[in-house]
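The primary structure of each chain is shown beneath.
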Amino acid sequence: MFKFIQKHSILSFSIAIIFTCTVLVFFATEASYNAIDIASLWVRNYFGYFYLYLGFACVLALLAIACSRYGNLKLGQPTAQPEYSLWAWTAMLYSAGMGSGILLRAVQEPVYMQQNSPYSSNLPADTLALEFTFYQWGLTAWAFYGLFALIIGYGLYIKKRKVSISATIEDHVKSNTVKHTVDVITIITTVFGLIAAIGLGTTQIKGGINHITDANFGLTTTILLCVLISAVACYSAWQGVNKGIQIFSKLNIIVTLAILIFIFATSDMSAILTSFATATFYYIIDFIPMSLAIGDYNPGTEFLTSWTFYYWAFWLSWAPFTGIFIARISKGRTIRQLLLGVLIIPCLGTFFWFSVFGTAAFNLIEGWGAYNNEFGNVFSSIFVFFEHYPYATFLNITSVFLLISFLITSVDSAVFVLSMFTDKGAKNPSKTHRIIWSIFILLATIALVLLGNVKANINVLEAVQRLLIITSLPFAFFIIIMFAFFIKDLRTHNVQERK
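Remember, it's a predicted structure, so these values are computed and weren't measured experimentally.

(A) Summary view of helix α3 (residues 29-67). Here α3 contains 39 residues, and its C-alpha end-to-end distance of 50 Å is more than 12% below the 57 Å for a straight helix at 1.5 Å per residue. The sharpest bend along α3 measures roughly 60° and falls at F47.

Here it is as structure tokens:
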């Protein structure tokens, strides 16, 4: 046992930190929440807008690289072909990158934005609501993912480095202490982002079960769902990318498309298509001022804190494992194919998803004549929405199973990537590492769920928002350093190629 700890020091340090945090939350839940609340307020006050500017810079940087001569570089040998088809590749990156979030927010977010416009605008409330929803789920989120996928993919397949974040700076930083610290921070950030998704997802699943059965299941049910999802995800990660993760990812996309097509076909299709086209057009036109929150496009610190700052912190916390997972499945593609694929394909899919559910919800509210916060609960809004469609019970049950499957895919992808981090960058990490991470992710998730239930007026979402704002901050600064070193490596590679 001692030899294993010595041999895998990064795993040991990371687990020790996560275990310590978990124990603190278990035994000092309210004190832990209060400390997180104070720290998150400080971060939001001093670094909130930094998140906005960083996200905008990432989008510009990726578009510039994709359109440059560097876009022709292939991740692998010049004759290498993509390891996965476009369909399988898209399914896996989307399941890992967004997953259950699109079900969590499908109705609640567009309706909230319609009823509480982020800023004054000449646009109709429906269009502005969809446009701002697109902004929070669009290019910036995928730019964070794409940046990591690009840098890790370049290092893995062109520079022949191991799979780790510290490998991106190893040519410039020789200190093992610094490199190990970077890896540990990456792992901690990834784990907190992951447990946030599990905590939110399981709470929504519980909300769906309560809605379907007209019951009132509580905290114990949420914890049991965490155990179930972690167990199945562990088995999927044990099986590996080709057998476990790819199968679940394809299943998720098929079921998601089936639900999307059904709602689209049974709603006002003309209104949906018009909303999709119009909101997408204005999103592109207004992207720069929205990204910088300047002039009339500034919703104010309070609104940004509750929404955009939180989202950017969430995408950042998911960026390491999602980016590395995308890099892992992108062998044989050019940098241009990787970046444009990551930026455009999932964005358009997400925009159409929110257009379908958002427009359909707007039409329902218009038909009611008044809105009494029917879609106000983020954890049950989509189930309430389905009640107004044929086969409501079937849709709700299917959505519950889809939520479970999405979470399994997110967890098994993360377990696989975390195992690569801690097993010396192995592309097919030890199954012992996969089991260890599955167990500790479960324990940390239960701690977060408890944290979200510490006070009557606090839910898991609020606990997650506060936690992620803190844990993603160090990583936000590291992104700048990592990208600067990458550009230097890229220019050096180009000079060597010319010689």
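(B) Fine view of the packing of aromatic side chains. Applying the stated criterion across every chain, the model contains 45 aromatic pairs. Considering the side-chain rings of Y135 and W312, the 5.2 Å spacing of their centres and the 55° angle between planes classify their relative orientation as tilted. In this pair, Y135 is assigned in helix α7 (residues 125-137) and W312 in helix α15 (residues 308-328), connecting sequence segments 177 residues apart. In terms of burial, Y135 and W312 fall into one category: buried. Over the ring of W89 we find R333; its NZ or CZ atom is 4.7 Å from the centre of that ring.

(C) Inspection of unusual backbone geometry at higher detail. Positive phi values are uncommon outside glycine, yet N373 reaches one of about 65°. In this structure, Y391 takes a positive phi of about 60° despite not being glycine. Take Y391: it is sitting in the loop between α17 (381-386) and α18 (392-422).

(D) Structural view of a nonpolar patch on the surface. On the surface, a cluster of nonpolar side chains totalling about 470 Å² of accessible area is made up of L63, L86, L340, I344, I345 and L348. Broken down by element, the nonpolar patch gets its largest block of residues, 4 residues, from helix α16 (residues 335-368).

Cut-off values and rules
Residues numbered from 1 in each chain as written. Predicted model: local features only at pLDDT ≥ 70, side-chain atom pairs only at ≥ 80, totals over all residues. Heavy atoms only, no water. Helix = DSSP H or I, 4+ residues; strand = E, 2+ residues; numbered from the N terminus. Expected span 1.5 Å × (residues − 1). Bend = angle between axes of the 7 residues up to and from the residue. Phe/Tyr/Trp six-rings, centres within 6.5 Å; stacked < 30°, edge-to-face > 60°. Buried < 20%, exposed > 50% of the residue type's maximum accessible area, 1.4 Å probe, protein only. Lys NZ or Arg CZ within 6 Å of the ring centre and 35° of its normal. Patch = residues over 30% accessible without salt bridge, like charges linked within 9 Å, V, L, I, M, F, W, Y side chains within 5 Å. Areas by Shrake-Rupley, 256 points an atom, 1.4 Å probe, with all protein chains shown as cover. Salt bridge = Lys/Arg side-chain N within 4 Å of Asp/Glu carboxyl O.

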